[in-house]
Amino acid sequence: MKKVITVIPGDGIGKEVVEGALHVLNAVAKKFGHTFEYKHALAGGAALDATGIPLPEETLSLARASDAVLLGAVGGPKWDVNPQHLKPERALLGLRKELGLYANIRPAKIYSALVDASSLKKEIVDGVDIIVVRELTGGLYFGKPSGFETRNGEQVGFNTMIYSESEVRRIAVSAFEIARKRKKRLCSVDKANVLETSQLWRKIVLEVARQYPDIELSHMYVDNCSMQLIRNPKQFDVIVTENLFGDILSDEAAMLTGSIGMLASASLGGTVAMYEPVHGSAPDIAGQNKANPIATIASVAMMLKYSFDLGAEADAIELAIETVLSKGYRTGDIYTEGMTLLGTKEMTEKIIAFI
Ligand code: NAD
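Criteria and thresholds
Residues numbered from 1 in each chain as written. Predicted model: local features only at pLDDT ≥ 70, side-chain atom pairs only at ≥ 80, totals over all residues. Heavy atoms only, no water. Helix = DSSP H or I, 4+ residues; strand = E, 2+ residues; numbered from the N terminus. Buried < 20%, exposed > 50% of the residue type's maximum accessible area, 1.4 Å probe, protein only. Expected span 1.5 Å × (residues − 1). Contact = heavy atoms within 4.5 Å. Core = buried A, V, L, I, M, F, W, Y, C linked by side-chain atoms within 4.5 Å. Polar contact = N/O pair within 3.5 Å; in protein donor to acceptor, adjacent residues only side chain to side chain.

Chemist: Mind laying out unusual backbone geometry, listing which residues take part and the relevant values?
Modeler: Going from Lys144 to Pro145, the amide bond is cis rather than trans, its omega being 5°. By the element assignment, Pro145 lies in the loop between strand S5 (129-135) and strand S6 (147-151). The backbone phi angle of Asn152 is positive, close to 50°, even though this residue is not glycine. Its place among the elements puts Asn152 in the loop between S6 and strand S7 (154-158). The class of Asn152 is exposed, set by a relative accessible area of 83%. In the Ramachandran plot, Asn289 falls in the positive-phi region, its phi being about 55° despite a non-glycine side chain.

Below is the structure:
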């Protein structure tokens, strides 16, 4: 199989973890007889430095013309003072919007070798396997109007939370379809006791549910869900929620598994899907060979599975990650006493060796 992948390393540790993931993809290509062609593109701070804007048209054209997009992370203190439209993070929002990626899939699965790395008790987290389906192109992050004004002699900042029926319906369908391939349980998270957007959300999710009588649907308020994720995470299988709630809950689910450096994600919906680790550019450890590359390597496994339908190849990566962890190899973020501490490059090499 031959596939073209647009590769956007971005900033900070993005460059390091993407380099590792590409080495892993090359190892998979060699073992299984595929050809992956990489087209490197700029986004975020790297693009701002080179072109003056966070998401150049050339990057979008490359992305649209490829079979999948791999992104590292964007952002860093250097660009934090930039005005809103010139912040590196605008590139992420732009890519999602332009590629029509409305469904963000974030698995939070605990690797048994890492049960002790979680800040929660072993019996609470052992066996946790959750997928958070987050709506990605609507809600508070995109709603208009937004901005700053002076009202009654003082500054105000404002955003608009808005959802249309069709936006809710398509993300609900994505979530029900995922639930159908798993344990057939879906929990829709909202704040319907307070927000009109949530009341519409719940109404549409209930409508869509009529086409999925085999799926057990439940509803939970977001504040309760944030508690339940800590109290008894094993009650969840698939969670579907809107953009802002999903942003926060998926990071919380992430920490059940020990480190944000372990978490992969896929953004689907358009013709070209995008794969990226959940973490950011981690300026505090950038350029020091300390970053955990597993989140990005696992994102590449999701790419193989979801975009290229290469299940065996994805499984080979997953198994290699599990093997490396069970043999006690760790990057700093998941290190515990008695384990073998590795850098980004060395961890990547170990995973490749087990592929
Ligand atoms: P972050 O995820 O970059 O870092 C949070 C903490 O987790 C840091 O202590 C970091 O060292 C650690 N960490 C993150 N990934 C790691 C990895 N792979 N291995 C080991 N440790 C890891 O979040 P932040 O500090 O809030 O944000 C830093 C920058 O990244 C900001 O500019 C932010 O806007 C940006 N950001 C980008 C994305 C993205 O590109 N998708 C996501 C979140 C944040």
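Still to come is the rest of the account.
Chemist: Any chance you could break down helix H11 (residues 311-326) for me, citing the residues and the numbers?
Modeler: Taking 1.5 Å per residue as the helical rise, H11 with its 16 residues ought to reach 22 Å, and the 22 Å between its terminal C-alpha atoms agrees with that figure. Of the surrounding secondary structure, the elements contacted by the buried residues of H11 are helix H1 (13-32), helix H10 (294-306), strand S13 (329-330) and helix H12 (344-354). Backbone geometry just downstream of H11 places Gly328 in the positive-phi region, at approximately 90°.

Chemist: Could you give me a rundown of the nonpolar core, with the residues and numbers involved?
Modeler: Counting 65 residues, the largest nonpolar core has Ile105, Val133, Phe176, Leu304, Ile317, Ile321 and Ile351 as its most contacted members. Residue contributions to this core peak at eight residues, all from H10. When sequence neighbours within four positions are dropped, the list of residues in contact with Leu304 reads Leu25, Val28, Phe36, Asp309, Leu310, Glu313, Ala314 and Ile317. Residues Ala108, Cys187, Val222 and Ala253 belong to the second largest nonpolar core, which totals 22 residues.

Chemist: I'd like a description of the side chain of Ser66, backed by residues and values.
Modeler: Secondary-structure assignment places Ser66 in the loop between helix H3 (57-64) and strand S3 (68-73). Taking the relative accessible area as the measure of exposure, Ser66 reaches 6% and is therefore buried. A distance of 3.0 Å separates polar atoms of two side chains, one belonging to Ser66 and the other to Thr6. Contacts of Ser66, omitting those with residues within four sequence positions, involve Val4, Ile5, Thr6 and Val272.

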